[in-house]
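Commentary on secondary and tertiary structure
Residue strings, one per chain:
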Amino acid sequence: PDKELIVVETYTGQHSSFFSKKAAEDDRLVYISYRVSKDNDWSIGLKRNMCTHLATGTFIANFDDDDLYAPRYLNTMIDSLVRQNVEGIKLATWYTFDGDCGRFGRTDARKHGDHALFGYGFSFVFERRANLWIPYENINMGEDYNFFKKLRSTARSSRKVGLYEDSYGICVHTLHKNSTS
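The present account deals with the structure reproduced in this document. (Residues numbered from 1 in each chain as written. Predicted model: local features only at pLDDT ≥ 70, side-chain atom pairs only at ≥ 80, totals over all residues. Heavy atoms only, no water.)

What follows is about the overall build of the protein. Tallying secondary structure elements over the protein gives six helices and nine strands in all. In summary, the protein has a C-alpha radius of gyration of 16 Å against a globular reference of 16 Å for 181 residues, a match within 12%. Projected onto its principal axes, the C-alpha positions of the protein cover 45 × 40 × 35 Å. Counting across all 181 residues of the protein, residues that qualify as buried make up 41%. Taking as baseline every contact in the protein between residues at least 6 positions apart, the subset at least 24 positions apart corresponds to 67%. If you sum the accessible surface of the protein, you get close to 10,400 Å²; carbon and sulfur atoms cover 51% of it. Positive and negative side-chain charges of the protein, numbering 24 and 24 respectively, have mean locations separated by a distance of 3 Å. (Helix = DSSP H or I, 4+ residues; strand = E, 2+ residues; numbered from the N terminus. Rg over C-alpha atoms; globule rule 2.2 N^0.38 Å. Buried < 20%, exposed > 50% of the residue type's maximum accessible area, 1.4 Å probe, protein only. Contact = heavy atoms within 4.5 Å. Areas by Shrake-Rupley, 256 points an atom, 1.4 Å probe, with all protein chains shown as cover. Lys, Arg positive; Asp, Glu negative; His and termini not counted. Charge placed at Lys NZ, Arg CZ, Asp CG, Glu CD.)

Quick look at the structure:
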């Protein structure tokens, strides 16, 4: 009851009848859709910022539509954020499913450099006020990394970004032909 889902959809043909129906049934779902021309879609950064402005809660979690999240994902990440006394928390490790070969694996982003460790918006949870203070850039790729990079370097006082090691499987990131990761 204390969660809400904000969906900002852009479409060229038909808006999502699924989300329209669900939003009418559940007031915790805020769904807005906008028709755009094929060559003039809005950036992911702009959509993320819109979601933040529409949200009413203290914490924001980014979700990707092709990833799987355990029921305890939000509680685990928010508890870790509060315990570490930081403005944002990021998965340092997660599980990956490769749809092309049908295999599961574990990713340790700490072994793959700064972009892997602090990119990948599917694994971010942060205080809403941090995103109001530092908006995402109006771009489609790298908006997630740039946001956390700025948050890490300009966070108020010493409250920056913490890391969480997923040893349980609270998030499974999916790789597939259309995946950008």
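That shown, we press on.
Right, let's get into the state of the cysteines. Applying the stated criterion across every chain, the model contains zero disulfides. Just so you know, C51 is unpaired, no disulfide at all, and the nearest cysteine sulfur is the one on C171, 18 Å from it. (Disulfide = S-S within 2.5 Å.)

Attention shifts here to the pairing of strand β9 (residues 171-175). Within β9, four of the five residues are buried, which leaves the element mostly enclosed by the surrounding structure. For strand β5 (residues 88-98) and β9, the ladder comprises four bridges, and the chain directions are parallel. Paired with F97 across the strands is T174, a residue of β9. (Pairing = 2+ DSSP bridges.)

Right, let's get into the environment of I170. Relative to the helices and strands, I170 is located in the loop between β8 (161-165) and β9. The exposure class of I170 is buried, given its relative accessible area of 1%.

Negative phi characterises most residues that are not glycine, and trans characterises most peptide bonds. One non-glycine residue, N85, lies in positive phi territory at about 55 degrees. Inspection of the secondary structure assignment puts N85 in the loop between α3 (73-84) and β5. In this structure, Y120 takes a positive phi of about 65 degrees despite not being glycine. With respect to the helices, strands and loops of the structure, Y120 is situated in the loop between α4 (114-118) and β7 (124-127).

The geometry of an aromatic ring pair comes down to the distance between the two centres and the angle between the two planes. Under the criterion given, the structure shown has 16 aromatic pairs. Where F63 meets Y73, the ring centres are 6.0 Å apart and the plane angle is 55 degrees; that geometry is what we call tilted. Of the two residues, F63 is situated in the loop between β3 (59-61) and β4 (68-69) and Y73 in helix α3; the sequence distance between them amounts to ten residues. Residue F63 is classed as partly exposed on the basis of its relative accessible area, which comes to 38%. One cation-aromatic arrangement involves R152 over F118; the distance from NZ or CZ to the ring centre is 3.7 Å. (Phe/Tyr/Trp six-rings, centres within 6.5 Å; stacked < 30°, edge-to-face > 60°. Lys NZ or Arg CZ within 6 Å of the ring centre and 35° of its normal.)

In terms of nonpolar packing, the biggest core is built from 35 residues, with Y73, M77, L91, F147 and F148 touching the most fellow members. Mapped by element, the contributors of at least two residues to this core are β1 (5-11), α2 (44-54), α3, β5, α4, β7, α6 (143-154) and β8. Once residues within four sequence positions are removed from consideration, M77 is found in contact with I89, K90, L91, S123, V125, Y164 and I170. (Core = buried A, V, L, I, M, F, W, Y, C linked by side-chain atoms within 4.5 Å.)

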